[in-house]
Each structure stands twice: as structure tokens, then as C-alpha cells.
Amino acid sequence: MRSETLPAQAGARATRGHASWHALLPFAVLLILSLLLPLTGNDYWALIATRAAIYWILVAGLNLIVGYAGQLAIGYVALLTLGAYTTAVLTGGKLMAPMPVWGALAAAGAVGALFGVIVGLPALRLRTFYFAMTTLGFATIVTQIALAWQSVTGGGVGLPGPDMPAPFNSAWGFYYLCLGFAVFCTLITANVARSRYGRALIALRDAEVAAEAVGISKPGLLVKVFMLAGTLAAIAGGLFASLQTYITPDAFTFDLSLLFFISILIGGRGSILGPLLGTILLTILPEIAAPLAAWATFLYAVLLLAIVLLMPGGIAALLDWRNRKPLESGRAITPRPAALAELYGQTLQARALKVQGAALAFGGLRALDGVDLEVAPGQVHGLIGPNGSGKTTMLNVISGYYQPQAGGVLLGDSPLPGNAPTKRALHGIARTFQTPRLVGEASVLQNVMMGGTVAGRASFIEAMFCLPRQLRDEREMAQRARVALRVVGLEELADVRADRLQHSELRFMEIARALMLKPCLLLLDEPAAGLSTEEILRLGALIKAVSAQGTGVLLVEHHADLIFDICDHVTVLNLGRVLAHGTPAEIRVHQEVVSAYLGA
Ligand code: ADP
Ligand code: MG
């Protein structure tokens with residue numbers, strides 16, 4: 001067994017090292033080019049490059065919100081404005097004694113963190129365009145305040161930006177300062193993106209329900225990201241004020257907001273390199289085509305249309321040649337249940353699930369009407385019944401999406417509250433979905449790693465700086481995910497984008513994700529739908545092996561063969577009520593079940 005698994009792991013490690021080398025190369029080239037730029041001795045290029053670096057400092061943070069979390073924050077120039085004015089006012093001494101520029105920049109960062117959260121809060125309740133509108137509204141308010149609060153901001157006349165101390169008071173000195181900070185921002189946002197926090201962000205974007213099921217809580221995560229992005233944007237604002245030497249409200253136009261937002265769109269969502277190149281491109285473009293400057297907005301619109309129509313994945317997808325390699329066709333999924341022991345370790349705290357008298361009506365429709373159900377540890381419990389009989393609703397009650405109107409759910413001795421789907425993973429309850437829910441743009445491995453989110457120990461700050469605990473988290477999670485993939489028979493596809501998998505592979509991938517939790521209760525919603533006969537047999541053996549580890553399995557299924565083959569106990573639902581329950585042998589010959597569901 002050992003000798004068989006070791007080469008597979010070594011191979012996986014080799015491909016991973018390969019991948020990270022490929023990923024770092026473009027950044028290294030960009031860095032070398034930027035370090036060599038001063039050799040041109042051209043002060044005009046110093047200005048443009050400094051501006052690109054400052055814009056990237058803002059876009060790097062915004063990228064986590066827009067590109068990763070998928071939130072349409074289009075009015076982000078507001079935070080640049082806020083940072084620019086805070087820095088300029090504090091160093092100018094209009095409000096109190098003049099502050100040194102570093103202190104003022106730090107203060108701007110703190111103000112940015114606060115307002116980043118305030119601007120972001122509506123995102124927790126409002127969706128897409130409504131949130132976009134609130135960010136735009138905020139941008140208008142900030143400009144209006146800058147205009148009206150003349151005694152401090154100088155109103156329409158404006159005020160001077162901060163002077164930098166030596167050696168940052170020359171064009172190239174200031175460039176190096178901004179470049180250094182831009183590199184720092186690239187590093188910390190890339191670290192966040194590669195951590196479980198980054199995976200959680202894209203999970204919330206593409207598969208919110210699955211994200212909640214693995215224990216990701218949207219408000220907690222978004223607030224952290226809004227703080228980070230707000231801080232970076234406001235510091236960018238302070239540097240921008242210094243670059244401009246003098247700031248007025250009309251320096252902060254809607255065009256700038258568009259530039260930030262579109263840099264991310266043309267860069268590609270869920271990428272760091274793409275938006276970085278996008279920012280550089282959009283900063284340089286109006287300069288090399290100076291006559292076009294007046295047409296900037298029009299240009300952006302055309303560019304955006306072209307991107308959406310011609311390359312929806314943005315620059316990042318264009319550069320992702322690894323995922324254009326065709327996959328082997330006619331792939332067979334061969335699960336290796338023997339590897340489960342490695343995944344589970346020794347102890348699983350076994351607990352029984354008890355549902356007592358669960359009732360839930362949608363309007364007048366009684367989806368569940370007083371259902372009792374018990375899943376013993378180490379057993380496979382089948383839940384069957386005609387379409388619309390309430391099976392999925394039952395799983396949703398157990399996994400906390402719905403609060404039953406009567407009755408309750410107990411795991412062991414602890415009652416599980418309703419309306420708390422993100423708390424279920426902590427109790428060791430994992431599930432799959434009737435239609436697979438996954439992040440298509442992330443690799444199979446990343447999708448599976450999401451299942452281990454609650455096992456992560458490193459804080460957001462530790463993730464930002466890639467501290468030892470973060471490194472350990474990642475190593476352990478990736479290793480566990482590879483074992484989980486081996487269990488379900490998908491380890492060969494670990495590094496492939498999930499949206500390139502076949503339907504049956506996605507079903508097995510969801511099971512691997514659920515197994516990451518080492519669940520004491522596993523809920524499977526029609527896992528055999530769309531599988532071949534051969535695959536169903538393998539799935540059955542896999543489910544049996546999972547239950548043998550002590551996990552209670554609640555299996556919703558239509559394939560009668562699978563149910564009768566592997567279940568220890570079966571409950572039949574009809575119109576939200578329990579029609580019958582018993583062993584497969586009893587159910588198979590149950591008069592009413594045969595006439596209502598199984599047929600002759
Ligand atoms: P099954 O999974 O057994 O096919 P479901 O549990 O999905 O059935 O649905 C049971 C009944 O509840 C169906 O009639 C369905 O239309 C209804 N239902 C399920 N979810 C909702 C909802 N969110 N709103 C309204 N009706 C719902
Ligand atoms: Mg269903």
C-alpha cells in the first residue's frame with residue numbers, strides 16, 4: 001500500500017513546484033523591469049510609473065473585493081480622495097499642529113480602514129447593482145464634503161499635498177518608495193488570495209451556499225477584506241496627494257473609479273497578475289495615445305466591451321496556458337476507500353442525529369409535516385420518496401438553512417439551532433448538493449481544500465504575512481485534500497480547473513470536499529444522479545467505507561438498487577410525511593411504498 005502511494009505524492013509535489021515557478025516568473029520580470037526603469041533617466045517616465053505603482057496599491061486591495069469576492073465596488077475613488085485629504089490636511093497643519101508625513105499616512109490608513117468597512121457594510125445585505133450604487137453615492141458625498149468644508153480642505157481651490165523627506169523628495173526617490181509599497185501590497189494580497197481566506201472569498205462569490213456549508217461566514221470575512229482594501233486605498237491616496245503636489249476635488253473623477261474597476265475586469269477575476277497588468281496598461285494607455293486622453297471614458301467602454309465579448313476570463317485566462325492542455329478522454333473514477341483511514345486518523349467522536357417532529361411549510365405547502373428521523377453513527381440511512389416529498393427540505397433543515405416551524409434537530413445531546421448554516425461544519429456535519437456547487441475557476445484541489453476551512457488556525461493577519469502557522473495550515477490542508485482526492489479517485493485531476501470536469505467527477509469532488517471535515521454526519525443529496533452503473537457501484541462501496549469509519553450517512557437517492565444494497569435503514573417520505581421506515585428488506589415489500597413510489 002505504502003509503496004504504491006508514495007510515488008503519487010512525490011509526483012504531486014513536483015507538479016506543484018513547477019506550477020509556482022511558472023506563476024512567479026511574470027512577477028519577477030515585472031520587478032526587474034521596474035527596478036531598471038530609472039536607467040532611462042527620463043523624469044516623465046518616473047511620473048507615469050509612480051502613478052501606476054500608486055494606482056496598483058489601491059487596486060491590489062480592491063481586487064480582493066471585486067475580483068475575488070465578486071462585489072461590485074465601483075466608487076472606490078472615494079477612499080483615494082479620503083486618504084489624499086487626510087494626509088494633506090494632517091501634514092498641512094490646518095486642523096492641528098502639522099504631522100510628519102509618515103504619521104499622516106498611517107492616520108490616513110486608519111481612516112481608510114474605518115471607511116472601508118462603512119462603505120462595504122451595505123454589501124452584506126444588498127446585492128450587485130444596489131451595492132454598486134451605494135459605493136458611487138459615497139464617492140459623491142466625499143467630493144461634496146471636500147468642496148464644502150473650505151476651512152480645512154480649501155474647497156474648490158484645494159490644498160498642497162505633503163512633501164516627502166529625503167531621499168524620497170526626488171522623482172526617482174519617490175518612485176522607489178511607491179514601488180516598494182506596491183511590491184509589499186502585491187505580496188500581502190497574494191498571500192491572502194492563496195490562503196483559506198482567499199478560497200473563502202471566491203467560494204462566497206461562486207457558490208455561496210456551499211461556502212456556508214463548509215463554515216465560511218460572509219460578514220466576518222468581508223469586514224476583514226474591506227478594512228485591508230480601505231487601508232491600502234487611503235495610503236495610495238496620501239501618496240497620490242504627494243505626487244500631485246496640489247489636490248483639488250476635481251482631481252478625483254469618476255474616470256479614476258472606472259480605471260480601477262476596469263483594470264480588475266480586464267485583468268480577470270480571481271487573479272493578482274491580471275489586474276496588475278491591467279492597471280499598468282490603463283495607466284500607460286492614455287499617455288502613449290495622448291490625443292485619446294479626452295476620450296478616456298469612451299476608450300474604457302470599448303475596451304470593456306471587447307474584453308467581455310472576446311476574452312471573458314481577462315488577461316489572466318489568456319496567460320493560463322496550463323489549463324488549455326486537453327484532458328485525457330474516457331477517464332474512469334476509481335475510488336480508494338482504503339485511504340480513508342489516513343484521512344480520518346484514529347478517533348471520530350461518533351454522535352447520532354435525531355430529528356423530532358420537524359415541520360416546515362412554504363406558504364400553504366407543507367414540505368415537512370412532523371417528520372421523525374434517526375441516523376445512527378456508522379450507519380447508512382436512506383431517505384427516499386417521490387419528487388417533491390420533502391427530501392431536500394429535510395437536508396436543508398438538518399444543515400441549518402431553514403428553521404423548522406415545529407420540532408427540532410439534535411446531534412448527540414446538543415440541539416442544533418436553525419438559520420445557522422455556517423455553524424454546522426463546526427459540529428462535523430458535511431453535505432453535498434443535488435446540483436454540484438463548486439468554484440469552476442479554482443482548481444479541483446482548491447475546491448476540496450475549501451472543505452477544510454474550519455480546521456484552519458492562522459488568523460487573517462498571519463495569512464497576510466504568511467507566518468509559520470499559515471504555512472502549516474496550508475501544508476496540512478493541501479495534504480489532506482490530496483488524500484481526500486485519492487479516496488474518491490480524482491488525485492490525477494487535482495490541479496485542473498474544476499469547470500473542466502465531467503458531471504460525475506464533480507459529484508465525487510463534492511464528496512471529497514465533504515470528507516475534508518472528517519464528518520460525524522454526512523448528508524448526500526442524490527449523489528448517484530447522472531452516474532454510470534459502474535460508477536454507482538463504486539460510489540456505493542465508497543459510502544459504505546465512509547460509514548465504516550463511524551460517520552453517519554444520510555443518503556437521499558432515487559436509485560433503488562443503491563439504496564437497498566448499502567442502507568442499514570430506510571425512511572420513506574411522501575408529501576412531507578413518513579410513509580414507512582425500516583430495513584431495506586421490510587421497505588422493499590411494504591405495500592404502500594410499493595404502490596406510491598417503487599411501482600410494481
Ligand atoms: P424533494 O427533494 O423530495 O424532491 P423538496 O424537499 O425539494 O423535494 O421539496 C418539497 C416541496 O417543497 C416541493 O413541493 C417544493 O416545491 C417545495 N419547496 C422546496 N423548497 C421551497 C422553497 N424554498 N420555497 C417554496 N417551496 C419550496
Ligand atoms: Mg431534492
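Remember, it's a predicted structure, so these values are computed and weren't measured experimentally. (Residues numbered from 1 in each chain as written. Chains lettered and ligands numbered in written order. Predicted model: local features only at pLDDT ≥ 70, side-chain atom pairs only at ≥ 80, totals over all residues. Heavy atoms only, no water.)

## Notes on the overall build of the protein
- Counting its regular elements, the protein contains 24 helices and twelve strands.
- Scaling as 2.2 N^0.38, a compact globule of 600 residues should have a C-alpha radius of gyration of about 25 Å, and the protein matches this with 28 Å.
- Summarising its shape, the C-alpha atoms of the protein cover approximately 85 × 55 × 45 Å along the three principal directions.
- Buried residues in the protein amount to 52% of all 600 residues.
- Once local pairs closer than 6 in sequence are excluded, the contacts in the protein between residues at least 24 apart make up 76%.
- Of the roughly 25700 Å² of accessible surface on the protein, a fraction of 63% belongs to carbon and sulfur atoms.
- Computed over 43 positive and 37 negative side-chain charges, the inter-centroid distance for the protein is 4 Å. (Helix = DSSP H or I, 4+ residues; strand = E, 2+ residues; numbered from the N terminus. Rg over C-alpha atoms; globule rule 2.2 N^0.38 Å. Buried < 20%, exposed > 50% of the residue type's maximum accessible area, 1.4 Å probe, protein only. Contact = heavy atoms within 4.5 Å. Areas by Shrake-Rupley, 256 points an atom, 1.4 Å probe, with all protein chains shown as cover. Lys, Arg positive; Asp, Glu negative; His and termini not counted. Charge placed at Lys NZ, Arg CZ, Asp CG, Glu CD.)

## Digging into the site of ligand 1
- Inspection of the region around ligand 1 gives Phe362, Leu365, Ala367, Pro386, Asn387, Gly388, Ser389, Gly390, Lys391, Thr392, Thr393 and Tyr402 as its neighbouring residues.
- Take Gly388: an N or O atom from its main chain is 2.8 Å from an oxygen atom of ligand 1.
- Contact with the protein chains hides 62% of the accessible area of ligand 1, taken as 560 Å² for the molecule alone.
- Mapped by element, the contributors of at least two residues to the shell around ligand 1 are strand E4 (365–375) and helix H16 (391–398).
- Among the elements that line the shell around ligand 1, the one with the most residues is H16, at three residues.
- A class-by-class count of the residues in the shell around ligand 1 yields five nonpolar, six polar and one charged. (Near = heavy atom within 4 Å. Polar contact = N/O pair within 3.5 Å; in protein donor to acceptor, adjacent residues only side chain to side chain. Nonpolar A, V, L, I, M, F, W, Y, C, P; charged D, E, K, R; others polar.)

## A short note on a nonpolar patch on the surface
- A cluster of nonpolar side chains, contributed by Leu31, Leu35, Tyr176, Val183 and Leu187, occupies part of the molecular surface with about 410 Å² of accessible area.
- Sorting the residues of the nonpolar patch by element identifies helix H1 (2–36) and helix H7 (171–194) as the ones contributing at least two each.
- Ranked by residue count, the leading element in the nonpolar patch is H7, at three residues.
- Structurally, Tyr176 is set in helix H7. (Patch = residues over 30% accessible without salt bridge, like charges linked within 9 Å, V, L, I, M, F, W, Y side chains within 5 Å. Salt bridge = Lys/Arg side-chain N within 4 Å of Asp/Glu carboxyl O.)

## Quick look at H16
- The buried fraction of H16 is high, at seven of eight residues.
- Buried within H16 we find Lys391, Thr393, Met394, Leu395, Asn396, Val397 and Ile398.
- Downstream of H16 by one or two residues, Gly400 has phi in the positive range, about 85°.

## Some remarks on the environment of Ser595
- With respect to the helices and strands, the residue Ser595 is situated in helix H24 (residues 591–598).
- For the pair Ser595 and Ala528, spaced 67 residues apart in sequence, the C-alpha to C-alpha distance is 24 Å.
- Among the polar contacts listed, one links the side chain of Ser595 to the backbone oxygen of Glu592, at a separation of 3.1 Å.

## Some thoughts on unusual backbone geometry
- Here Ala166 and Pro167 are connected by a cis peptide whose omega angle stands at 5°.
- Examined against the element boundaries, Pro167 turns out to sit in the loop between strand E1 (159–160) and H7.
- The phi torsion at Thr245 lies on the positive side, around 60°, for a residue other than glycine.
- Within the secondary structure, Thr245 sits in the loop between helix H10 (218–244) and strand E2 (246–247).
- The backbone of Lys518 shows a phi angle near 55°, a positive value even though the residue is not glycine.

## Brief notes about the coordination of the magnesium ion (ligand 2)
- In the first shell of the magnesium ion (ligand 2), the protein supplies Thr392 (OG1) and Gln434 (OE1), at 2.0 to 2.4 Å from the metal. Note that Thr392 is positioned in helix H16 and Gln434 in the loop between strand E8 (429–431) and helix H17 (444–450), a separation of 42 residues in sequence.
- You can call Gln434 partly exposed: its relative accessible area is 35%. (Donors = N, O, S within 2.8 Å, 3.2 Å for Na, K, Ca; no water.)

## Some thoughts on the pattern of salt bridges
- Scanning the model with the defined rule gives 17 salt bridges in all.
- The salt bridge involving Glu441 is made with Arg205; its shortest N-O contact spans 3.2 Å. Separated by 236 residues along the polypeptide, Glu441 in the loop between E8 and H17 and Arg205 in helix H8 (residues 196–206) bring together distant segments of the chain.
- With a relative accessible area of 35%, Glu441 lands in the partly exposed category.
- The exposure class assigned to Arg205 is buried, which follows from its relative accessible area of 15%.
- Two residues, Arg269 and Asp206, come together in a salt bridge whose shortest N-O distance is 3.6 Å. Of this pair, Arg269 sits in the loop between helix H11 (254–267) and helix H12 (273–288) while Asp206 is found in helix H8, placing the two residues 63 residues apart along the sequence.
- For Asp206, a relative accessible area of 28% puts it in the partly exposed group.
- Where salt bridges share partners, they join Arg205, Asp206, Arg269 and Glu441 into one cluster.

## Description of the sheet that holds strand E10 (residues 552–556)
- What the six strands build is an open sheet, ordered E8-E9-E10-E5-E11-E12; its pairing is mixed. Every other strand in the sheet has two partners, leaving E8 and strand E12 (577–582) as the edge strands with one partner each. Strand-to-strand twist across the sheet, computed as the mean angle between neighbouring axes with direction ignored, equals 20°.
- The pairing of strand E5 (residues 380–384) with E10 spans four bridges and is parallel. When the bridges of E10 are listed, Val380 appears paired with Val553. (Pairing = 2+ DSSP bridges. Axes fitted to C-alpha atoms, helices over the stretch in contact; angles between N-to-C directions.)

## Description of the side chain of Arg196
- Position of Arg196 among the secondary structure elements: in helix H8.
- Among the polar contacts listed, one links the side chain of Arg196 to the side chain of Tyr197, at a separation of 3.1 Å.
- In contact with Arg196, not counting residues within four places along its chain, are Thr453, Gly456, Arg457, Ala458, Asp473, Glu474 and Met477.

## A few points about the environment of Pro100
- By the element assignment, Pro100 lies in the loop between helix H3 (77–92) and helix H4 (101–120).
- For Pro100, a relative accessible area of 56% puts it in the exposed group.
- Put simply, Pro100 and Pro162 are 62 residues apart on the chain and 9.0 Å apart in space, counted from C-alpha to C-alpha.

## A few points about the confidence of the model for the protein
- Averaged over every residue, the pLDDT of the protein is 89; residues scoring 70 or more account for 96%.
- This stretch, residues 1–18, has a pLDDT under 50; its non-local contacts, to residues over four places away or in other chains, come to nine contacts. (pLDDT = per-residue confidence, 0-100.)

## A look at the pairing of E10
- Of all five residues in E10, five are buried, a share of seventy percent or more.
- The two faces of E10 match: Gly552, Leu554 and Val556 on one face and Val553 and Leu555 on the other face are all buried.
- Examined bridge by bridge, strand E9 (residues 521–525) and E10 share five bridges and lie parallel to one another. Note on E10: the bridge partner recorded for Leu524 is Leu555.

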